[in-house]
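Read off the chains here:
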Amino acid sequence: SGSLLEYVREYPTLHECDYQTRQIAGAMRGTFLQAHELPRDDRELLAMAKRKLASFAFVGLTERMEESVLLLARTLGVQDVSALPPLQRLNASPQRYSRPGVATIDFSDETSPDASQARACILAMHKLDLELYEHAEWLFQQQRAKFADK
């Protein structure tokens, strides 16, 4: 049994960091890209992911699910959005991380040194994902503006 902080510190040896960025860029291990198509560094990887994300017909945000569904419906040309079924919040978890055999950390506790260190490690391992998310938010706002004009 270990702590979440220990797991987070070992994470880079167990998993790929910036997973979402790599996934969207198409640059995962075992990818079909040729060697000359793979990004040379993090900046190029992020640029690839941003270009791919910008090419998507629609970008939604989980924390703005209701608005995302409405924008998706409009993108797809759905005229009567009142016919859409109501959204249900499923698989929602609290601010606490819990895993069998791993000590629980309450991330909402701003005074917890373990939470602070774990949060800093997680953010460092996903800095490209965070930048890509900011780009996704910007794309989402562009979509909103496009439909607000109609």
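The shown structure was predicted, so the numbers you read here are calculated from the model rather than taken from an experiment.

The rules behind these values
Residues numbered from 1 in each chain as written. Predicted model: local features only at pLDDT ≥ 70, side-chain atom pairs only at ≥ 80, totals over all residues. Heavy atoms only, no water. Helix = DSSP H or I, 4+ residues; strand = E, 2+ residues; numbered from the N terminus. Buried < 20%, exposed > 50% of the residue type's maximum accessible area, 1.4 Å probe, protein only. Areas by Shrake-Rupley, 256 points an atom, 1.4 Å probe, with all protein chains shown as cover. Axes fitted to C-alpha atoms, helices over the stretch in contact; angles between N-to-C directions. Parallel < 35°, antiparallel > 145°, perpendicular 65-115°, else oblique. Left-handed = near helix turned anticlockwise from the far one by under 90°. Contact = heavy atoms within 4.5 Å. Nonpolar A, V, L, I, M, F, W, Y, C, P; charged D, E, K, R; others polar. Salt bridge = Lys/Arg side-chain N within 4 Å of Asp/Glu carboxyl O. Core = buried A, V, L, I, M, F, W, Y, C linked by side-chain atoms within 4.5 Å. Expected span 1.5 Å × (residues − 1). Polar contact = N/O pair within 3.5 Å; in protein donor to acceptor, adjacent residues only side chain to side chain.

**Description of the overall build of the chain**
Consideration 1: Each helix and strand counted, the chain has six helices and three strands in total.
Consideration 2: Here the chain holds 150 residues, and 26% of them are scored as buried.
Consideration 3: Of the roughly 10600 Å² of accessible surface on the chain, a fraction of 54% belongs to carbon and sulfur atoms.

**A look at the packing of helix α3 (residues 42-55) against helix α6 (residues 127-148)**
Consideration 1: Contact geometry of α3 with α6 gives a least axis separation of 10 Å together with a crossing angle of 30°. Relative to α6, the element α3 lies roughly parallel. Judged by the sense of rotation from one axis to the other, the crossing of α3 with α6 is right-handed. Within the contact between the two elements, α3 uses Asp42, Arg43, Leu45, Leu46, Ala49, Lys50, Leu53 and Ala54 and α6 uses Lys127, Leu128, Glu131, Leu132, His135, Ala136 and Leu139.
Consideration 2: Along the lines of polarity and charge, the residues of the contact of α3 with α6 split into nine nonpolar, one polar and five charged.

**Describing unusual backbone geometry**
Consideration 1: Unusually for a residue other than glycine, Asp18 sits at a positive phi of about 55°.
Consideration 2: Mapped onto the secondary structure, Asp18 falls in the loop between α1 (4-14) and α2 (19-25).

**What about the pattern of salt bridges?**
Consideration 1: Using the criterion set out here, one finds four salt bridges in the structure.
Consideration 2: When the shortest N-O distance is used, the salt bridge between Lys127 and Asp42 registers 3.8 Å. Remark: Asp42 occurs in helix α3 and Lys127 occurs in helix α6; sequence separation between them is 85 residues.
Consideration 3: Under the relative-accessibility criterion, Asp42 is labelled partly exposed at 32%.
Consideration 4: The partner of Glu67 in a salt bridge is Arg144, and the shortest N-O contact between them spans 2.3 Å.

**Remarks on the nonpolar core**
Consideration 1: Formed by 17 residues in total, the largest nonpolar core has its most connected members in Ala25, Leu45, Leu53, Val59, Leu71, Leu132 and Ala136.
Consideration 2: Listed by contribution, the elements that provide at least two residues to this core are α3 and α6.
Consideration 3: No other element matches α6, which puts six residues into this core.
Consideration 4: Setting aside residues up to four positions removed in sequence, Leu53 forms contacts with Ile24, Val59, Leu132, His135, Ala136 and Leu139.

**Focus: α3**
Spacing of three or four residues puts side chains on the same side of an α-helix, whose turn is 3.6 residues.
Consideration 1: The terminal C-alpha atoms of α3 lie 20 Å apart, and with 14 residues this matches the ideal 20 Å at 1.5 Å per residue to within 8%.
Consideration 2: Check the buried side of α3 and you find it contacts α2 and α6.
Consideration 3: N-capping of α3 is provided by Asp41, with a side-chain oxygen placed 3.2 Å from the backbone N of Arg43.

**Overview of the packing of helix α4 (residues 65-75) against α6**
Consideration 1: Remark: α4 packs on α6, axes separated minimally by 11 Å, with the N-to-C direction vectors making an angle of 60°. Taken together, the axes of α4 and α6 lie oblique to each other. In the crossing of α4 with α6, the sense of the turn from one axis to the other is left-handed. Between α4 and α6, the contacting residues are Glu67, Ser68, Leu71, Arg74 and Thr75 on the first element and Phe140, Gln143, Arg144 and Phe147 on the second.
Consideration 2: A class-by-class count of the residues in the contact of α4 with α6 yields three nonpolar, three polar and three charged.

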